[in-house]
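For reference, the chains in residue letters:
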Amino acid sequence: MTALIQKGSVRKAEGRTVFHFDQAFDEAVKTPRVYKSIAKPMVKSVLNGKHATIFAYGQTGSGKTFTMQGDGYQKAGIIQLVTSDLFRYMRKGEAKKRDFVIKVSYFEIYNEKIRDLLSDDIVGSTSSSASSSSSPVINRNNRDKEIKIRTNEHGEIVVNVIQKEVSNVDEAIELLNEGKSHRTVAATDMNEYSSRSHTVFRITVESRSRDIMDEQQELSVKCQGQEIVRISDFNLVDLAGSESLKSTNNTGTRQREGATINRSLLALTTVIQSLSQPVKKRPKHINYRDSKLTRILQPHLSGNAEMAILCCATPSKAFVEETRSTLKFAARAKLVQMKPKINEVMDDGAIINKLQKELLEVREQLAE
């Protein structure tokens, strides 16, 4: 079962906890219907310069990766459908008046370390046994390299991973499949191909106005430093599933991975809990730095993005408590207030032109 969380409420009724959400889908519902309900409108917002994030959240084995990435063959996931519509909408309506550049990055957070899934340094990362102690296979020259998170001069959070420009849907999907082959997975008692890491497939959209100007108008705009670039990120996040040791019977490496995953999800839950409170009651300090995931997604979680959460749950009675925990997380998340804005910056050429113009004005004043 997949629950769509955008608006909702929780109430007690006859000794039961009743959750109200915009939509709930059973296991028979196809992914395109889920996509149409949440992600399709967000694609147009991203093309217009707004950030967006979609999470797949839930216990291990509940269908998160299938929902986000499909089966890799004929059944498309949210990521493939987003990518397809992104390139299709670029050629329609108001979007036709802008020039677009699309870039893709793909990385995972494994044991609180960031790994670039599009890097040539990664050879492979699949373990075949639940009790295996093998680690991801990484090029010896890059074994000790740690990917950093930094804040740039504009106060934006940047992850130092490879960004690859794509010109069509096929190129983007090829990068998705390439990255998937490098993701860390392993067998557990609950899932033969259990994701051992969180992954973020990020689509960055840059656009410039294509307004036709004569040479004099174009020179005037450049001199005034008014060349504006819209830059937006669409984060498609497949979270590793929360794990109960008694259900997975994990030992060794798998057990340590599960503990790290649960701590990371707890950090996300804590951040969501803080953000869901009224502004006057909200903690003065929110611990985004408690995990790499919340640190990377801080700008989006804090409100400057459209956000949706796909909460995946199994209908089995054996996992009622895990399902209840998932729905409680969703109920808190829907209280977070989002106020996305169009993200516009001046490109380097415009900034240089503006500074040169200001310098010329100063020199003229000094000469008088």
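In this text the structure is predicted, and so the values were computed from the model without any measurement.

Some words on the overall build of the chain
Of regular secondary structure, the chain possesses eleven helices and 16 strands. Buried positions account for 47% of the 368 residues belonging to the chain. Of the accessible surface of the chain, which amounts to about 19700 Å², a share of 49% is contributed by carbon and sulfur atoms.

A short note on the confidence of the model for the chain
Of all residues in the chain, 79% attain a pLDDT of 70 or more, and the chain-wide mean is 82. When the criterion is pLDDT under 50, residues 1–8 qualifies, and its contacts beyond four places in sequence or with other chains add up to 42 contacts. A low-confidence stretch, residues 124–144 (pLDDT under 50), is modelled with 41 contacts involving residues beyond four sequence positions or located in other chains.

Topic: the pattern of salt bridges
In the structure shown here, the tally under the stated rule is nine salt bridges. We note a salt bridge from Asp-85 to Lys-40, for which the minimum N-O separation is 3.0 Å. Of the two residues, Asp-85 sits in helix H3 (residues 78–89) while Lys-40 sits in helix H1 (residues 31–47), which places them 45 residues apart along the sequence. Of the charged contacts in the structure, one is a salt bridge between Glu-344 and Arg-230, with a shortest N-O distance of 3.0 Å. One end of the pair, Glu-344, is in strand E16 (residues 344–346); the other, Arg-230, is in strand E14 (residues 228–238), with 114 residues separating them in the sequence.

Side note on the nonpolar core
In this structure, Ile-54, Ile-78, Val-82, Ile-102, Ile-203, Phe-234 and Leu-236 are the most contacted members of the largest nonpolar core, which totals 40 residues. Non-local contacts of Ile-102, meaning those with residues more than four positions away in its chain, are made with Leu-86, Phe-87, Met-90, Lys-164, Glu-165, Val-166, Ile-203, Thr-204 and Val-205. Counting 35 residues, the second largest nonpolar core, distinct from the first, contains Tyr-57, Ile-147, Val-161 and Leu-297.

A few points about the packing of helix H7 (residues 252–275) against helix H10 (residues 320–333)
As a packed pair, H7 and H10 sit with axes 8 Å apart at the nearest point and diverge in direction by 40°. As H7 packs across H10, the resulting crossing turns out to be left-handed. Taking contact as the criterion, the partners of Leu-268, Thr-269, Ile-272 and Gln-273 in H7 are, on H10, Phe-329, Arg-332 and Ala-333. Of the residues belonging to the contact of H7 with H10, the class tally is four nonpolar, two polar and one charged.

What counts, and where the lines are drawn
Residues numbered from 1 in each chain as written. Predicted model: local features only at pLDDT ≥ 70, side-chain atom pairs only at ≥ 80, totals over all residues. Heavy atoms only, no water. Helix = DSSP H or I, 4+ residues; strand = E, 2+ residues; numbered from the N terminus. Buried < 20%, exposed > 50% of the residue type's maximum accessible area, 1.4 Å probe, protein only. Areas by Shrake-Rupley, 256 points an atom, 1.4 Å probe, with all protein chains shown as cover. pLDDT = per-residue confidence, 0-100. Contact = heavy atoms within 4.5 Å. Salt bridge = Lys/Arg side-chain N within 4 Å of Asp/Glu carboxyl O. Core = buried A, V, L, I, M, F, W, Y, C linked by side-chain atoms within 4.5 Å. Axes fitted to C-alpha atoms, helices over the stretch in contact; angles between N-to-C directions. Left-handed = near helix turned anticlockwise from the far one by under 90°. Nonpolar A, V, L, I, M, F, W, Y, C, P; charged D, E, K, R; others polar.

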